[in-house]
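Descriptive analysis of the structure
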Amino acid sequence: MSVQPLARLVAFVKKYASYALNRYRKLHLYGKIFLWLVVFFDLCLLALIIVITPAKIAQVSHDKAILLASTRFGWLALGGLMVCVSFPPLIGHTTLITLCGFAYGMKGFYISSTASVLGSALAFVSLRFLFSNRLQAWSSKNKKWQALEAVVTAKGLPLIILIRISPFPPWVYSNSLFASIQAVKLWQFVVATLFIFPKVFLHTFIGSKLAELSDGEQRDHMDTRTKILDGVFIGVSIVIALFTGWTVYNSVQSHIRHLEGFSPEVDELAAEAIEDYDEEAPLLSPQQT
């Protein structure tokens with residue numbers, strides 16, 4: 001049993017490494033230059049962090065976070081950003097959840113959870129309204145999508161919840177995915193989104209612990225045992241997030257591939273529709289229909 005998940009992990013890494021390499025090869029010369037400039041910028045940023053020292057950067061980040069939290073409408077600005085990154089192709093949902101914990105402690109959970117539900121619902125409604133014609137044209141020609149719509153229609157909310165809590169596709173493209181499936185109703189999507197709250201809570205907790213370790217004054221009042229425990233809490237939380245995410249993803253794929261009442265071919269096509277989903281399919285494709 002332990003060999004199969006490992007084999008899936010290796011296959012997953014190979015698949016997306018190959019996908020990334022193919023995307024790079026298809027880039028125009030200017031696109032490749034831009035990509036290498038981004039890599040160069042990131043390396044310079046890493047060197048800057050090493051020179052300035054992580055402790056000083058962490059202290060500045062903590063001070064700015066406290067300033068944000070003390071601002072009257074800081075929570076609204078942070079929540080607004082979370083709503084914005086719910087619309088593709090923007091990214092940063094998990095980072096902003098962690099920032100909520102970093103600035104507001106565990107109270108940040110109320111900001112991040114509310115903004116997550118509101119942002120995803122707005123993205124769902126907007127994308128479906130704006131791209132309804134494209135969606136119909138896509139689904140009528142795509143067998144994988146027809147299979148996915150068939151299994152979602154038959155299995156309903158339980159399957160929608162399973163797909164929603166899976167880390168793949170990522171948050172912003174998950175919003176687009178569900179907006180693309182005509183069988184999914186808005187209320188089902190909102191209810192399924194509520195099931196991501198444990199993940200939101202976990203990342204908020206990580207942010208709150210990072211804030212405690214980032215502030216020099218708080219660190220000076222901590223004994224060695226407390227510092228070690230905070231570090232362990234952060235590390236364990238990250239491992240839990242990664243492990244549960246991977247486990248859920250594999251469970252969802254296995255569940256869809258073994259649904260009763262459908263042929264193996266339909267199950268496989270539905271699983272592949274989720275597995276292969278990215279920013280090109282189907283609502284955000286640059287091709288006009």
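Residues numbered from 1 in each chain as written. Predicted model: local features only at pLDDT ≥ 70, side-chain atom pairs only at ≥ 80, totals over all residues. Heavy atoms only, no water.

Okay, the pattern of salt bridges next. Applying the stated rule across the entire model yields one salt bridge. For Lys 209, the salt bridge goes to Glu 212, with nearest N and O atoms at 3.7 Å. Residue Lys 209 and its partner Glu 212 are both found in helix H12 (residues 197-214); the two are separated by three residues, about one turn of the helix. Of the residues examined, Glu 212 reaches a relative accessible area of 24% and is grouped as partly exposed. (Salt bridge = Lys/Arg side-chain N within 4 Å of Asp/Glu carboxyl O. Helix = DSSP H or I, 4+ residues; strand = E, 2+ residues; numbered from the N terminus. Buried < 20%, exposed > 50% of the residue type's maximum accessible area, 1.4 Å probe, protein only.)

One can describe the packing of helix H9 (residues 157-165) onto helix H10 (residues 171-180) by two numbers: an axis separation of 10 Å at closest approach and a directional angle of 155°. Overall, the two elements H9 and H10 adopt an arrangement that is roughly antiparallel. On H10, the residues touching Ile 160, Ile 163 and Arg 164 of H9 are Trp 171, Ser 174, Asn 175, Leu 177 and Phe 178. Per-class residue counts for the contact of H9 with H10 are five nonpolar, two polar and one charged. (Axes fitted to C-alpha atoms, helices over the stretch in contact; angles between N-to-C directions. Parallel < 35°, antiparallel > 145°, perpendicular 65-115°, else oblique. Contact = heavy atoms within 4.5 Å. Nonpolar A, V, L, I, M, F, W, Y, C, P; charged D, E, K, R; others polar.)

A word on the UniProt feature "transmembrane region" (unreviewed entry) in the protein chain. Residues annotated in UniProt with the feature "transmembrane region" (unreviewed entry) correspond here to residues 33-52, 73-104, 110-131, 147-166, 186-207 and 228-249. Its end C-alpha atoms 32 Å apart, residues 110-131 is made of 95% helix and 0% strand. Counted over residues 228-249, helix gives 100% and strand 0%. Its end C-alpha atoms are 31 Å apart. (UniProt positions renumbered as here; feature names shortened; annotations may be inferred.)

Leu 148, Val 152, Ile 163 and Val 184 are the most contacted members of the largest nonpolar core, which has 23 residues in total. Top contributing element to this core by residue count: helix H8 (residues 143-155), with five residues. Contact partners of Val 184, with chain neighbours within four places excluded, come to Phe 124, Arg 128, Val 152, Ile 160, Phe 178 and Phe 189. (Core = buried A, V, L, I, M, F, W, Y, C linked by side-chain atoms within 4.5 Å.)

Size it by volume and the largest pocket reaches roughly 830 Å³. Around the largest pocket, the lining is made up of 31 residues, and of these Thr 94, Pro 167, Lys 199, His 203 and Ala 241 lie nearest the centre. Of all the elements in the fold, those that place two or more residues in the lining of the largest pocket are helix H5 (93-104), H9, H10, H12 and helix H14 (224-257). Residue composition of the lining of the largest pocket, grouped by class: 21 nonpolar, eight polar and two charged. (1 Å grid on protein atoms, 1.4 Å probe; cavity = no way out; pocket = protein on both sides within 12 Å on 5 of 7 lines; lining within 4 Å. Points joined across faces, edges and corners; volume = space filled by probe spheres on them.)

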